[in-house]
Amino acid sequence: MPKRVDHEERRSQIAEALIRVAGRRGLHAVGMRDVAAEAGVSLRLVQYYFETKEKLLFYGLQHLTDRFTARVSARLRAAGPAPGPRATIEALLLASLPTDEESRTFHLLYSSYSILSVTDEALAAQPFIDNPDAAENALTGLLERAQAEGLADPAADARTEAVSLLAMTATMGTSILVGQRTPQSAIAVLDHHLTRIFRPAPHPPAG
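Residues numbered from 1 in each chain as written. Predicted model: local features only at pLDDT ≥ 70, side-chain atom pairs only at ≥ 80, totals over all residues. Heavy atoms only, no water.

Colleague: Lay out the overall build of the protein with the relevant residues and their values.
Modeller: In terms of regular secondary structure, the protein is built from ten helices and zero strands. Expressed as a percentage of the 207 residues in the protein, the buried residues total 35%. Contacts in the protein between residues at least 24 apart in sequence constitute 66% of all its contacts with a sequence separation of at least 6. Counting only carbon and sulfur atoms, one obtains 56% of the accessible surface of the protein, whose full area is about 11800 Å². (Helix = DSSP H or I, 4+ residues; strand = E, 2+ residues; numbered from the N terminus. Buried < 20%, exposed > 50% of the residue type's maximum accessible area, 1.4 Å probe, protein only. Contact = heavy atoms within 4.5 Å. Areas by Shrake-Rupley, 256 points an atom, 1.4 Å probe, with all protein chains shown as cover.)

Laid out in structure tokens, this is it:
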């Protein structure tokens, strides 16, 4: 009896191969033949599942984004059963800094895709983030919640602070990649700005 093929598992196998090759050589230098060799399958099979390089890149980056979401979830679980707004924001921002091999690959490929899509119409037609404002909206909501709970500066503009934190994290991520700064120094900068926005947690009344 012929072995049943799990098509989603095979697509994930090819996507993982794309991520590995692109992490070593850069997204711009990866071809479908390279990915096939890395995955240990034929070029014909890669073409069967993805048809074009653009579709392969799109799927691979979605796969990478799913892994990033899992990293954030793991950080939130580690923060306790009910992490507050600051701990949640820290989990979101720190997960995107290239502090290990997986997060380095995520930052590198995310940045590469964004740059390539500026001049590649086929890539631009398939943005791999369905809602590009999702992170900004999430951080804004968390900051507004913190303000309502008396945990953050009420005079701060939550939207502006959210944009600033995301932009700063992205820029520092690139500076880590090129060796301009260490992950530890980037984390210290983020902590400085979060401390500026957030107030110390109130102490419970003495019994």
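Moving on from the model shown.
Colleague: Tell me about the packing of aromatic side chains, and please be specific about residues and values.
Modeller: What the rule picks out here adds up to four aromatic pairs. A centroid spacing of 5.0 Å and a plane angle of 80° characterise the contact between tyrosine 48 and tyrosine 49, whose relative ring orientation is edge-to-face. When its relative accessible area of 57% is taken as the criterion, tyrosine 48 is described as exposed. What makes tyrosine 49 buried here is its relative accessible area of 12%. Between the aromatic rings of phenylalanine 106 and tyrosine 110, the centroid separation amounts to 5.9 Å while the plane-to-plane angle is 25°, which identifies the pairing as stacked. Of this pair, phenylalanine 106 and tyrosine 110 both sit in helix 6 (residues 101–119), four residues apart, which is roughly one turn of the helix. (Phe/Tyr/Trp six-rings, centres within 6.5 Å; stacked < 30°, edge-to-face > 60°.)

Colleague: Give me the lowdown on empty space enclosed by the protein, citing residues and values where you can.
Modeller: Tallied over the full model, the rule gives one cavity of 30 Å³ or more. The computed volume of the largest cavity comes to approximately 40 Å³. The wall of the largest cavity is formed by Leu64, Arg67, Phe68, Arg71, Glu102 and Phe106. Only helix 4 (53–78) and helix 6 provide two or more residues apiece to the lining of the largest cavity. (1 Å grid on protein atoms, 1.4 Å probe; cavity = no way out; pocket = protein on both sides within 12 Å on 5 of 7 lines; lining within 4 Å. Points joined across faces, edges and corners; volume = space filled by probe spheres on them.)

Colleague: An account of helix 10 (residues 183–197) is requested, with residue identities and associated values reported.
Modeller: Along an α-helix, residues three or four positions apart point the same way, because every turn accommodates 3.6 residues. If you check helix 10, its first and last C-alpha atoms are 21 Å apart, about what 15 residues at 1.5 Å a residue would give, namely 21 Å. Every buried residue belonging to helix 10 is among Ala186, Leu190, Leu194 and Ile197, and all of these are buried. The buried residues of helix 10 occupy an angular sector of 70° when projected down its axis, which confines them to one face. When the buried face of helix 10 is taken as reference, the exposed residues oriented beyond 90 degrees from it are Gln184 and His192. On the buried face of helix 10, the contacting elements are helix 5 (85–96), helix 8 (134–148) and helix 9 (158–177). (Expected span 1.5 Å × (residues − 1). Arc of directions from axis to C-beta.)

Colleague: How would you explain the packing of helix 4 against helix 5 if you had to name every residue and give the values?
Modeller: Helix-helix packing: each pair is described by the crossing angle between the helix axes and the interaxial distance. Closest axis-to-axis distance for the helix 4/helix 5 pair is 9 Å, and the angle between their directions is 140°. Viewed along their axes, helix 4 and helix 5 adopt a mutual orientation that is oblique. Seen along the crossing, helix 4 lies across helix 5 with a hand that is right-handed. The residues of helix 5 that touch helix 4, namely those facing Phe68, Arg71, Val72, Arg75 and Leu76, are Thr88, Ala91, Leu92, Leu94, Ala95 and Ser96. (Axes fitted to C-alpha atoms, helices over the stretch in contact; angles between N-to-C directions. Parallel < 35°, antiparallel > 145°, perpendicular 65-115°, else oblique. Left-handed = near helix turned anticlockwise from the far one by under 90°.)

Colleague: Tell me about the nonpolar core, and name the residues and values.
Modeller: Ranked by internal contacts, the top residues of the largest apolar core, which has 29 residues, are Ile14, Leu27, Val35, Val46, Phe50, Leu56 and Leu109. Among the elements of the structure, helix 1 (7–25), helix 2 (32–39), helix 3 (43–50), helix 4 and helix 6 are those that each provide at least two residues to this core. Setting aside anything within four residues of it in sequence, one finds leucine 109 in contact with Ile19, Ala22, Gly23, Leu27, Leu61 and Leu64. Listed in part, the 21 residues of the second largest apolar core include Ile89, Leu97, Ile176 and Leu190. (Core = buried A, V, L, I, M, F, W, Y, C linked by side-chain atoms within 4.5 Å.)

Colleague: Tell me about helix 1, and please be specific about residues and values.
Modeller: The terminal C-alpha atoms of helix 1 lie 27 Å apart, and with 19 residues this matches the ideal 27 Å at 1.5 Å per residue to within 8%. The complete set of buried residues in helix 1 reads Ile14, Ala15, Ala17, Leu18, Ile19, Val21, Ala22 and Gly23. On the buried face of helix 1, the contacting elements are helix 2, helix 3, helix 4 and helix 6. The N-terminus of helix 1 is capped by aspartate 6, whose side-chain oxygen sits 3.2 Å from the backbone nitrogen of glutamate 8. Looking one or two residues beyond helix 1, the residue adopting positive phi is glycine 26, at roughly 95°. (Polar contact = N/O pair within 3.5 Å; in protein donor to acceptor, adjacent residues only side chain to side chain.)

Colleague: So, the pattern of salt bridges: which residues are in play, and what are the values?
Modeller: This model, assessed by the stated rule, comprises 13 salt bridges. A salt bridge links glutamate 38 to arginine 24; the nearest nitrogen and oxygen atoms lie 2.8 Å apart. One end of the pair, glutamate 38, is in helix 2; the other, arginine 24, is in helix 1, with 14 residues separating them in the sequence. Overall, the relative accessible area of 26% leaves glutamate 38 in the partly exposed class. Several salt bridges share partner residues, and in doing so they unite Glu16, Arg67 and Glu102 into one network. (Salt bridge = Lys/Arg side-chain N within 4 Å of Asp/Glu carboxyl O.)

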